[in-house]
Amino acid sequence: MEEVSRPAVPARTGRIAVDARWVELYAKRVDEAAEELDRARAGLRAEPVRAASFGELGRTLRSAEAYQRAAGVLHRQLDRACDVLTSAARGLHAVAEHYGSRDDEAVALIKNADRR
């Protein structure tokens, strides 16, 4: 995931400044990362390692069972990572929409004031 460059914003005392466009761009990047991770997850699940892959020594040492347990843990972690990225993207989109709509409201108020 590439870094999203952020314009310099002057400090404002007692206020929080949110650049809704930057947040939306970042949300899209997080969406892309979630989709990429989801594709990787699908690929891993499509081609699991079989017990036969470990041969006779693997059967004797029970390598396949150990691998399956480790793979299960890793798959659950991967599932969680996909869920977290997807949720983070949704939250970022909501923040961008909230603050973006505030900008739209401010523009409308300014235009209204200019008409008077």
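Residues numbered from 1 in each chain as written. Predicted model: local features only at pLDDT ≥ 70, side-chain atom pairs only at ≥ 80, totals over all residues. Heavy atoms only, no water.

**What to know about the confidence of the model for the protein**
Residue-level pLDDT values for the protein average 82, and 75% of them are 70 or greater. When the elements of the protein are averaged for pLDDT, helix 2 (residues 55-61) gives the smallest value, 81, and helix 1 (residues 20-46) the largest, 93. (pLDDT = per-residue confidence, 0-100. Helix = DSSP H or I, 4+ residues; strand = E, 2+ residues; numbered from the N terminus.)

**Some remarks on the pattern of salt bridges**
Taken as a whole and judged by the stated rule, the model has 4 salt bridges. In this structure, R41 engages D38 in a salt bridge whose closest nitrogen and oxygen atoms are separated by 2.3 Å. Taken together, the residues R41 and D38, both in helix 1 and 3 residues apart, mark about one turn of the helix. Assessed through its relative accessible area of 16%, R41 is described here as buried. Relative accessible area serves as the criterion here: at 36%, D38 is assigned to the partly exposed category. Two residues, R45 and D79, come together in a salt bridge whose shortest N-O distance is 3.0 Å. Placement of R45 in helix 1 and of D79 in helix 3 (residues 63-115) is noted, with a sequence separation of 34 residues between them. (Salt bridge = Lys/Arg side-chain N within 4 Å of Asp/Glu carboxyl O. Buried < 20%, exposed > 50% of the residue type's maximum accessible area, 1.4 Å probe, protein only.)

**Quick look at the environment of F54**
Along the chain, the position of F54 falls in the loop between helix 1 and helix 2. Sequence separation of F54 and Y67 is 13 residues, and the distance between their C-alpha atoms is 10.0 Å. Those residues in contact with F54 that sit more than four places away from it in its chain are V49, S63, A64 and Y67. (Contact = heavy atoms within 4.5 Å.)

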